[in-house]
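In case you want the letters, here they are:
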Amino acid sequence: MNVVFAVKQYISKMIEDSGPGMKVLLMDKETTGIVSMVYTQSEILQKEVYLFERIDSQNREIMKHLKAICFLRPTKENVDYLIQELRRPKYSIYFIYFSNVISKSDVKSLAEADEQEVVAEVQEFYGDYIAVNPHLFSLNILGCCQGRNWDPAQLSRTTQGLTALLLSLKKCPVIRYQLSSEAAKTLAECVKQVISKEYELFEFRRTEVPPLLLILDRCDDAITPLLNQWTYQAMVHELLGINNNRIDLSRVPGISKDLREVVLSAEHDEFYANNMHLNFAEIGSNIKNLMEDFQRRKPKEQQKLESIADMKAFVENYPQFKKMSGTVSKHVTVVGELSRLVSERNLLEVSEVEQELACQNDHTSALQNVKRLLQNPRVTEFDAARLVMLYALHYERHSSNSLPGLIVDLRNKGVSDKYRKLVSAVVEYGGKRVRGSDLFSPKDAVAITKQFLKGLKGVENVYTQHQPFLHETLDHLIKGKLKENLYPYIGLSTLRDRPQDIIVFVIGGATYEEALTVYNLNRSTPGVRIVLGGTTVHNTKSFLEEVLASGLHSRSKESSQATVRSASRR
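Residues numbered from 1 in each chain as written. Predicted model: local features only at pLDDT ≥ 70, side-chain atom pairs only at ≥ 80, totals over all residues. Heavy atoms only, no water.

Q: Looking at this structure, I do not really get the overall build of the protein. What am I missing?
A: Helix and strand counts for the protein stand at 21 helices and 17 strands. In the protein, which comprises 570 residues, the proportion classed as buried is 51%. For the protein, restricting intrachain contacts to residue pairs at least 6 apart in sequence, the fraction spanning at least 24 positions comes to 82%. Looking at the protein as shown, the accessible area adds up to about 27,800 Å², and 51% of this sits on carbon and sulfur atoms. (Helix = DSSP H or I, 4+ residues; strand = E, 2+ residues; numbered from the N terminus. Buried < 20%, exposed > 50% of the residue type's maximum accessible area, 1.4 Å probe, protein only. Contact = heavy atoms within 4.5 Å. Areas by Shrake-Rupley, 256 points an atom, 1.4 Å probe, with all protein chains shown as cover.)

Structure follows, in structure tokens:
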């Protein structure tokens, strides 16, 4: 179950099937992102694809010597563009691949437009999602719900993305969903409907234990996306932001022109592949080793290029050297910028208190530490608000809750109105009233002892004590202990055996910390394969945008006013 491999295979097959000769790859905005996640331009160039074009670009030249490979989402807009294209074809022959199920009526419209008979084939290749890591996929949707319910357009896109994922991995799963979430139930029903309607597509070889799709809601754990991260990939996303493997470094002081935007892709960068899940401290020493290795291989300035053989050896080694030089300068720049931000924003101290708020139950100590950091001028308004949000979620119903005082402290610190309002919005989004789970307090004496023993074993460090709630959910699921009354099945099929192939999907977005949990579970649990997906992959900034987009904050105000009004009417 490797999503990067699945998408890559589709694209290789498209290019192969079009046969030898020069080609153009015609894509839309979304499929451009899908392809760029798994292939570099230079890799595709080697397969005789010399031109990359957008179907919606108006001024494309006529190039009858090129074959066109079209990889498009089956939207009405794209079908219209194709119809126009086929009426006045710019290329010699067209191989059309839709990333999802296309309706018969749309195929008919395309056939009618193809008067010059330039279409060689029309096929469905289900690469309709962003493959982030081998075990992590995203749909790049920010703001999928309005209130507690789906935005209809996003529900449709998510259903398509999730069913395409199942088809690309050749899985016809039984489905479970989080009972406390209406959105999870709706999505489970929609996916089930597609599987029933397109049953011929889902007729895969039966396995002894059927695969399982588990649909969860971000509301159940609003803590994880609010925490600072200390493993490389997660930290880069939290502090710099990763957008389809691209990192914008243009704001870095004194950055050179060629490093303003860099690509971090485990597929094409060995150092990143080996370090993306490691702690920041380890990255530092690994960068040092990389630098030393690079220095050793560096062609000496005084290297004598006297004979033709010397020159030949230098030229042959140069591409490798140049590639290594690019890798070194890229990672040194990224790690340097992460270090600068950590010290400028006092993140070691901030993160220690975040971890205390997420993992421990000492209210007095937590409150003192939050208040102390709010007085610290180096703590940004963003980090100050984040600490108060974590406090608000953890101690929402604590008898000595001091949230109003902390909100005043935020105002005194000069934190903007936007961030102060977000505190109550986050509680409205993922507070106790909403959660189907108990995020904080250990359930019983056994759980408390387990937690204590885990503490004794020595957490890797004080900054990574937190385990996402997903870890517990998957642990129970793998052991066959996930309660059916909290995570019911949809339809009649249930699992008697422990699941082996598990696809987890988080409405409202997954995180890189959860992806790391899945990566570790895959390594430590033989016979179990897990893939994680989400409507998007969040950092704190995008998670707060998700909360804002849900509109829950304004609704909570309106509903409280409405209650007052109706009471006075009585």
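Q: How do you make sense of the sheet that holds strand 14 (residues 501-507) when you look at a structure like this?
A: Strand pairing in a sheet relies on backbone hydrogen bonds, with the paired strands running either antiparallel or parallel. Within the open sheet, the six strands sit side by side as 6-7-16-14-11-10. Their pairing is mixed. A single partner strand is all that each edge strand has here, and the edge strands are strand 6 (130-133) and strand 10 (174-177). Pairwise comparison of adjacent strand axes, ignoring direction, gives a mean angle of 25 degrees for this sheet. Where strand 11 (residues 212-217) meets strand 14, six bridges bridge the pair, whose relative direction is parallel. If you follow L213 over to strand 14, its bridge partner there is I503. Against the sheet, helix 19 (residues 512-524) touches strand 6, strand 7 (136-138) and strand 16 (529-534), its axis set at about 170 degrees to strand 16. (Pairing = 2+ DSSP bridges. Axes fitted to C-alpha atoms, helices over the stretch in contact; angles between N-to-C directions.)

Q: I keep staring at the pairing of strand 5 (residues 119-124) and nothing clicks. Help me out?
A: Look at any regular strand and the pattern is simple: side chains alternate between the two faces of the sheet. As paired strands, strand 4 (residues 93-98) and strand 5 are joined by five bridges and run parallel to one another. What sits directly across from F98, in strand 5, is E124. The parallel pair strand 4 and strand 5 is bridged by helix 5 (residues 104-113), and the resulting crossover is right-handed. (Right-handed = clockwise from strand over helix to strand, strands pointing away.)

Q: Would you mind going over the sheet that holds strand 5 with me for this structure?
A: With respect to topology, five strands assemble into an open sheet ordered 2-1-3-4-5, the strand pairing being parallel. The open sheet has two free edges, formed respectively by strand 2 (49-54) and strand 5, since each of these has just one partner strand. Across the sheet, the mean angle separating the axes of adjacent strands is 15 degrees when strand polarity is ignored. Of the pairings in the sheet, the one linking strand 1 (residues 23-27) to strand 2 comprises five bridges and is parallel in character. From the neighbouring strand, L25 faces strand 2, where its bridge partner is F52. Contacts from helix 4 (residues 76-87) reach strand 1, strand 3 (67-72), strand 4 and strand 5, with the element oriented near 170 degrees to strand 4.

Q: What should I look at first to understand the packing of helix 12 (residues 347-359) against helix 13 (residues 363-374) in this one?
A: Helix-helix packing is described using two parameters, namely the angle between the two axes and the distance between the axes. Two elements in contact, helix 12 and helix 13, have axes whose closest approach is 10 Å; the angle formed by their N-to-C orientations is 155 degrees. On the basis of their axis angle, the class for helix 12 and helix 13 is roughly antiparallel. The two elements helix 12 and helix 13 meet at a crossing, and its hand is left-handed. Between helix 12 and helix 13, the residues in contact are E349, V350, V353, E356 and L357 and S365, A366, N369, V370, R372 and L373, respectively. Across the contact of helix 12 with helix 13, the residue classes break down as six nonpolar, two polar and three charged. (Parallel < 35°, antiparallel > 145°, perpendicular 65-115°, else oblique. Left-handed = near helix turned anticlockwise from the far one by under 90°. Nonpolar A, V, L, I, M, F, W, Y, C, P; charged D, E, K, R; others polar.)

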